[in-house]
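Spelled out from the first residue to the last, the chains are:
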Amino acid sequence: MQETLKFDKIGEVMHKYRHGSGLNAFVITKKGYSKKYTVFATHYGSINNEFIDPYDNNTIKMPEGIAHFLEHKLFDQKEGSIIDKFSELGSSPNAYTSFNKTVYLFSCTERFDENLGLLLSFVQNPYFTELGVEKEKDIIKQEINMFRDNPGWRAFFNLLESLYVMNPVKNDIVGNHESIEKIDKEMLYKCYNIFYHPSNMVIFVIGDVDEERVFNQIESSISKKHKIGEIKRLFPEEPKEINREYIEEKMAVATPIFQMGFKDDTYNLKGEELLMREIAVKILLEIFMGRSSQLYNQLYEEGLINNTFEFNYTAEENYAYSTIGGESIEPGKVKEKIIDTVCFLLKDGINKEDFQRVKKSLYGKLIRWFNSQEKVSEMFISGYFKGINIFDYFNIYDKINLEYLNHVMKGHFNLDRFAVSVIQGI
Amino acid sequence: MVADILVAEDILKEENAERLCSFNNIEVYYIPVRKFKTITISFFFIDTLSKDTVSKNALVPAVLRRGCKSYPTMSDISLRLEELYGGSFDCGVAKKGEYHVIYFHTECIAEKYVADMKDFFKKPFELIVDIITSPVIENGIFKREYVVQEKESLKRLIERRVNDKVQYAIERCFEEMCKDEPFGIYDYGDISGLKEVSESSLYEHYKNIIDNYPLKVFVTGDVPIEKLEWIKQNLLKIRHNGEKDYNNKYNGEYFLAESNKVEEVKQVTEHMAVNQAKLSLGFRTNVLPTEKDYYPLIVFDSILGGGVYSKLFQKVREEAGLAYYIFSQLEKFKGLLLITCGIEIKDRNRAVDIILKQIDSIKSGNITQYEHESAIKSIETGISFLKDNQLKITDYYFSQILATTNDNFQTLADKIERVSIEDVINVSKKIELDTIYFLASNGQ
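Counting restarts for each chain, with residues numbered from 1 along the sequence as it is written. Key to labels: chains lettered from A, ligands numbered from 1, both in the order written. Thresholds applied to this predicted model are a pLDDT of at least 70 for local features of residues and 80 or more for the giving and counting of side-chain atom pairs; totals over whole chains, interfaces and linings are not thresholded and use all residues. Side-chain descriptors were evaluated using all non-hydrogen atoms of the structure, hydrogens and water having been removed beforehand.

Undergrad: Help me out: how do you make sense of the overall build of chain B in this one?
TA: Helix and strand counts for chain B stand at 15 helices and 13 strands. The dimensions of chain B, computed from C-alpha atoms along their principal axes, are 65 × 50 × 40 Å. Here, two residues are considered to be in contact whenever any of their heavy atoms come within 4.5 Å of each other. Counting contacts in chain B only where the partners sit at least 6 residues apart, residues at least 24 apart contribute 79% of the total. Surface summary for chain B: the accessible area is close to 17400 Å², and the carbon and sulfur share equals 47%. The charge count treats Lys and Arg as positive and Asp and Glu as negative. His and the chain ends do not count. Taken as the charge centre is NZ of Lys, CZ of Arg, CG of Asp or CD of Glu, depending on the residue. Charge-centre separation for chain B: the mean point of 58 positive side chains lies 2 Å from the mean point of 69 negative side chains. Secondary structure follows DSSP: runs of H or I at least 4 residues long count as helices, runs of E at least 2 residues long count as strands, and numbering of each begins at the N terminus. Accessible areas in this description were obtained via Shrake-Rupley with a 1.4 Å probe; residue shielding takes into account the shown protein chains only.

Set out below in structure tokens:
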């Protein structure tokens, strides 16, 4: 089953194909690009440690960091590491795990079919051994140590840990030394058999490729497994309140590093509704504290922030939060000024001119993103698991008006759900 | 001086840099790449690295981006970029070997995506030229407030190097290695040098840069010839003559200078509160980018630590399980090679031992067919990937010009393809260990 989605405004076309197993595959053709970029992703990440096994209906709880551990181990195949085979083709495979997805990818210039064959094969053929699992623990512990020394990473997770009381998004994606120790071969197989079912996965290809050939190869290479029932992902109930308002950690940093943000209280949004909210909050943040805003320039001129200052908003079905981060000699003062601005705008509402200008700017940036296969791919996958088509990003801008923006503003920028995380120097 | 006549459109080759014209120590290059949705414009002013100018060079772009004649504040510039459909602007300094480059860069969507602005293409160019050539002036020099704030900001930038331990362990190893050479100077200078910069000396230096420093301008994207002509005409207004010429470093002599010789391997340990220790090993390759040996050197670097197929990744990570990350990298202009990894403190000697064994192993001829082929293919793939990013294309050609090597993507790939195992073994014999740098936690 195949269909074509066109987006004439920016001259892009996307082809879609549905495999009998329930897996969807998509191709965006990029004429003239050298790189052929492919991802094979599963809707399974660090927050999915509790679930109901669709095979026997038992409730399962796995150790933290298992999705990421599985990602590492999938590269080991019966006949050795799959990486060697990619290397022979001159391509580089890679993978990453986030809160709600695990992504396997490769980029190549030549012999695309063979590369795609390797990707499809190794992701579908786990080979876990006791010895291999034990050895990987040492490498992952070094990875954990590396992240522990990364102040930006620590500030971010400390913030999530302050915003959330129960939601597993507060836990580090890689797990910790203790949780890693608990992982064994059987657990990996169990998670694999549930979350790596083709119906829970997606393939996305972007580059100068022939979509027919790609789809034919996928048709013959994806195994037609037995259908499984819906995977029930379990989440503890999250209170509306935050866990704590302030958290501090000491590390070897020259200037204190901060992350602050608001926790949303909207849950179970999906598809267009979720995307509209995401773009609206991003527009708001840009108006509040973007490079052209009064707040940014005032903070900068007073020496309270520098150009490491940045902000973002993440919206998923089970969690949504904004982050505002950077370096400051006095994070407390930055916090005060942000709160002042938020209070002022909540009272006065958003200025129409600011709204139009920022909308235009974000729209242009979206077009620029289509230069980068990596960015398009990341946007595609995050959108796909939320039920959003990548071209919808453009159309949604027309649907957002000032009234909606003011409505979202009142919902998100709630000072009762605002937390601050600071990394102080030693 | 009158500029060259522009080349005819039909000889412009996709993804090749074509020098359109040169005048008054300015050269303008255009790289046609039609697949992108944006055009980019980059300005590179070239200096040689020295303690005298490094801080001033770093401050100039920092002050310029604070405001210009048409957009006198940073907020005004940002508002303008938003009006230009979220265009980007960036500036700063970068070290390329012992050159110090002051860069300005802007990127905007192509005119065809814009319906409500006439001559959209001219706007980002006018903005970047205004920022570079028409700063906000007070009493005949830079606005004091901007200079004071940017000096403070630069001080913090220098201090915050410690935040990124992975990068810090790379830079510090190079610095210890080249302590008495210009290359040992940090891109953004040091705090004591920064203190000495006065507002008037900074402005004087800025005038000197604009009037005399060699300037390379790069335009990429899909730009018709008459628009390139318009760019050229506008660049003619920047400068009436230009004097300063950067020394050509690639005569080979400076590599042989006394200070470059390795007499004894330096051992440096620095302490900081870290969970993971970082180990970096710095080497002299004794190979110039203009020499034939440079191509085998690239392959050597790749076999040693360029990817998952490399000896270091296989032995240190996969076999010994000592590190999560380990890689090697070349500093092309200065002829240096560096290996870096994150390990447990107790594993230091074991890691050094395994790393050095890999180099000895290559020197004694131990390279498999698989390693050789994987390395070459991986480099070729990497070269092709550069072509998919306008900034990388620009940087590639700018580096070619600086190093006086004239490889386009294809000729470089061809030369790599021809490198034999024997060539790699031969070049490996030139490589000497210079410095072992170790970043470890306090009190160990």
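Having seen it, we continue.
Undergrad: How should the overall build of chain A be read in this particular structure?
TA: A count of helices and strands for chain A gives 15 helices and 17 strands. C-alpha atoms define the radius of gyration in this analysis, and the globule rule sets the expected value at 2.2 Å times the number of residues to the power 0.38. A compact globule built from 426 residues would reach a C-alpha radius of gyration of about 22 Å, and chain A, at 22 Å, matches this within 12%. Each principal axis of the C-alpha distribution contributes one length, and for chain A these read about 60 × 50 × 40 Å. For the exposure calls, accessible area comes from a 1.4 Å probe over protein chains only, and a residue counts as buried if that area is under 20% of its type's maximum, exposed if over 50%, partly exposed in between. Considering chain A as a whole, with its 426 residues, one finds that 60% of them fall into the buried category. A sequence separation of at least 24 residues applies to 80% of the contacts in chain A between residues at least 6 apart. Accessible area of chain A: about 16800 Å², with a carbon and sulfur share of 47%. Distance between charge centroids for chain A: 3 Å, based on 52 positive and 63 negative side chains.

Undergrad: Before we go on, may I ask you to explain the pattern of salt bridges in this structure?
TA: Pairing is possible between side chains that carry opposite charge, provided their charged atoms lie close to one another. A side-chain nitrogen of Lys or Arg and a carboxyl oxygen of Asp or Glu constitute a salt bridge if their distance falls within 4 Å. Scanning the model with the defined rule gives 73 salt bridges over all chains in all. With a shortest N-O distance of 3.7 Å, K250 of chain A and E248 of chain A are connected by a salt bridge. On the basis of relative accessibility, which here comes to 54%, the residue K250 of chain A falls in the exposed class. Among the charged side chains, a salt-bridge network with shared partners connects R161, E171, R172, E175, E176, K179 and E270 of chain B.

Undergrad: Help me understand the interface of chain A and chain B in this model?
TA: In many analyses, interface size is given as the accessible surface area lost on bringing the parts together. If you look at the interface, chain A gives 60 residues, while chain B gives 60 residues. There are five salt bridges connecting chain A and chain B. With its nearest N and O atoms 3.4 Å apart, the salt bridge here joins D116 of chain B to K360 of chain A. Two N or O atoms count as a polar contact when they lie within 3.5 Å, although within protein this holds only if one can serve as hydrogen donor and the other as acceptor, and sequence-adjacent residues are included solely when both atoms are side-chain atoms. Counting the contacts that link chain A with chain B gives 33 residue pairs in polar contact (both at pLDDT 80 or more).

Undergrad: I keep staring at the nonpolar core and nothing clicks. Help me out?
TA: A general feature of soluble globular proteins is that nonpolar side chains tend to end up buried together. Counting residues in hydrophobic clusters, the biggest one holds 137 residues, and the most contacted among them are F43 and F104 of chain B. Top contributing element to this core by residue count: helix α9 (residues 271–289) of chain A, with twelve residues. Apart from the residues lying within four places of it in its own chain, the contact partners of F104 of chain B are I41, S42, F43, F45, P61, L64, F89, D90, C91, I128 and I132 of chain B. With 65 residues, the next largest nonpolar core counts V287, Y294, L304 and V352 of chain B among its residues. The criterion is simple. A nonpolar core is a set of buried Ala, Val, Leu, Ile, Met, Phe, Trp, Tyr and Cys residues joined through side-chain atoms within 4.5 Å.

Undergrad: What am I meant to see in helix α8 (residues 211–221) of chain A here?
TA: Side chains three or four residues apart in an α-helix point the same way, a direct result of the helix having 3.6 residues per turn. Residue and element names in this part refer to chain A. Those residues of α8 lying buried are E211, V214, F215, Q217 and I218. Buried residues of α8 fall within an arc of 160° about the axis and therefore sit on the same side. Structural note: α8 exposes N216 and S220 on the side pointing more than 90 degrees away from its buried face. Where α8 is buried, its residues touch β1 (2–7), β2 (12–18), β3 (24–29), α3 (112–124) and β11 (201–207). The backbone nitrogen of E212 has a side-chain oxygen 2.8 Å away, supplied by the residue at the start of α8, namely D210. By arc we mean the arc of the directions from the helix axis to the C-beta atoms, nothing more.

Undergrad: Explain the domain arrangement of chain A to me, please; I cannot follow it from the model alone.
TA: Residues and elements named next belong to chain A. The start and end points of each domain follow an automatic or database-based domain assignment. Domain assignment breaks chain A into domain 1 (2–233) and domain 2 (246–425). The C-alpha centroid of domain 2 is placed 27 Å from the C-alpha centroid of domain 1. As used here, buried area is the combined drop in accessible area, with a 1.4 Å probe, of two parts when they are placed together. When the two sides are added together, the surface that domain 1 and domain 2 hide from each other amounts to roughly 3800 Å², 67% of it contributed by carbon and sulfur. The three residues of domain 1 that bury the most area against domain 2 are L159, L163 and Y164, which together make up 15% of that side's buried surface. Between the two partners, domain 1 and domain 2, sit four salt bridges.

Undergrad: I tried to follow the pairing of β2 of chain A on my own but got confused; where do I start?
TA: Looking along a regular strand, one sees side chains alternate from face to face of the sheet. All names here are of chain A. Here, a strand pair is defined by DSSP locating no fewer than two bridges between the strands. Looking at chain direction, β1 and β2 are connected through six bridges and run antiparallel. Directly across from K6, in β2, lies its bridge partner V13. Here β1 hands over to β2 after four residues, with G11 in that stretch at a positive phi of 65°. As paired elements, β2 and β3 share five bridges and run antiparallel to each other.

Undergrad: Where do I start with empty space enclosed by the protein in this structure?
TA: Regions of empty space are outlined by a rolling probe, equal in size to a water molecule, passed over the atoms. All names here are of chain A. Using protein atoms alone on a 1 Å grid, points that fit a 1.4 Å probe yet trap it form a cavity, whereas open point sets bounded by protein on both sides within 12 Å along at least five of seven lines form a pocket; residues with an atom within 4 Å of a point count as lining. Grid points are joined across faces, edges and corners, and a volume is the space filled by probe spheres set on the points. Applying the stated criterion across every chain yields a total of five cavities of 30 Å³ or more. Looking at the second largest cavity, its volume works out to about 50 Å³. Every residue lining the second largest cavity is listed: L23, F40, Q124, Y192, Y196, P198, M201, I222 and K225. Residue classes in the lining of the second largest cavity are distributed as seven nonpolar, one polar and one charged. Classes in brief: Ala, Val, Leu, Ile, Met, Phe, Trp, Tyr, Cys and Pro nonpolar; Asp, Glu, Lys and Arg charged; the others, Gly included, polar.

Undergrad: Any chance you could explain the domain arrangement of chain B here in plain terms?
TA: Residue and element names in this part refer to chain B. The assigned domain composition of chain B is domain 1 (9–235) and domain 2 (254–440). Of note, the centres of domain 1 and domain 2, computed from C-alpha atoms alone, are 29 Å apart. Facing 38 residues of domain 1, the contacting portion of domain 2 comprises 42 residues. For the pair domain 1 and domain 2, the summed buried surface comes to about 3500 Å²; carbon and sulfur atoms form 70% of the total. Where domain 1 packs against domain 2, one counts six salt bridges. Linking E181 and K334 is a salt bridge whose minimum nitrogen-to-oxygen distance equals 2.7 Å. The tally of links between domain 1 and domain 2 comes to 18 residue pairs in polar contact (both at pLDDT 80 or more). Here the side of domain 1 that touches domain 2 gets ten residues from one element, more than from any other, and that element is helix α5 (residues 165–177).

Undergrad: So what exactly am I meant to see when it comes to the sheet that holds strand β12 (residues 232–233) of chain A here?
TA: Sheets are built from strands that pair by backbone hydrogen bonding, the pairs being arranged parallel or antiparallel. All names here are of chain A. Read across the open sheet, the three strands follow the order β6-β5-β12; overall the sheet is antiparallel. At either end of the open sheet lies a strand with only one pairing partner, and these are β6 (59–61) and β12. Here three bridges tie strand β5 (residues 50–52) to β6, and the two strands are oriented antiparallel to one another. The residue of β6 that forms the bridge with F51 is I60.

Undergrad: Explain the packing of aromatic side chains here, please?
TA: The geometry of an aromatic ring pair is captured by two quantities: the separation of the ring centres and the angle between the planes. To pair, rings of Phe, Tyr and Trp, with the six-membered ring standing in for Trp, must have centres within 6.5 Å; the planes then decide the type, stacked if under 30 degrees apart, edge-to-face if over 60, and tilted in the middle. Under the defined criterion, the tally for this structure stands at 60 aromatic pairs over all chains. Taking 6.4 Å as the distance between ring centres and 65° as the angle between the ring planes, the aromatic pair formed by F309 of chain A and F311 of chain A counts as edge-to-face. Residue classification places F309 of chain A among the buried positions, given a relative accessible area of 3%. Members of the aromatic cluster, each reached through a chain of ring pairs, are Y44, F51, F75, F86, Y104, F106, F112, F122, Y192, F195 and Y196 of chain A. When the ring centre of F183 of chain B is taken as origin, the NZ or CZ atom of K95 of chain B, which lies over that ring, is 4.4 Å away. A positively charged side chain is recorded as over a ring if its NZ (Lys) or CZ (Arg) lies within 6 Å of the ring centre. The angle to the ring normal must also be within 35 degrees. The ring of F438 of chain B has R348 of chain B lying over it, and the distance from NZ or CZ to the ring centre is 5.4 Å.

Undergrad: Any chance you could explain the layout of surface pockets here in plain terms?
TA: Residues and elements named next belong to chain A. Taken as a whole, the largest pocket spans an internal volume of roughly 770 Å³. Forming the walls of the largest pocket are 30 residues, and the residues nearest its centre are H43, N200, R233, E317 and F385. Counting only elements with at least two residues in the lining of the largest pocket, the list comes to β12, α9 and α13 (373–386). Considering every element that reaches the lining of the largest pocket, the biggest residue donor is α13, with three residues. Looking at the lining of the largest pocket residue by residue, the class counts come to eleven nonpolar, eleven polar and eight charged.

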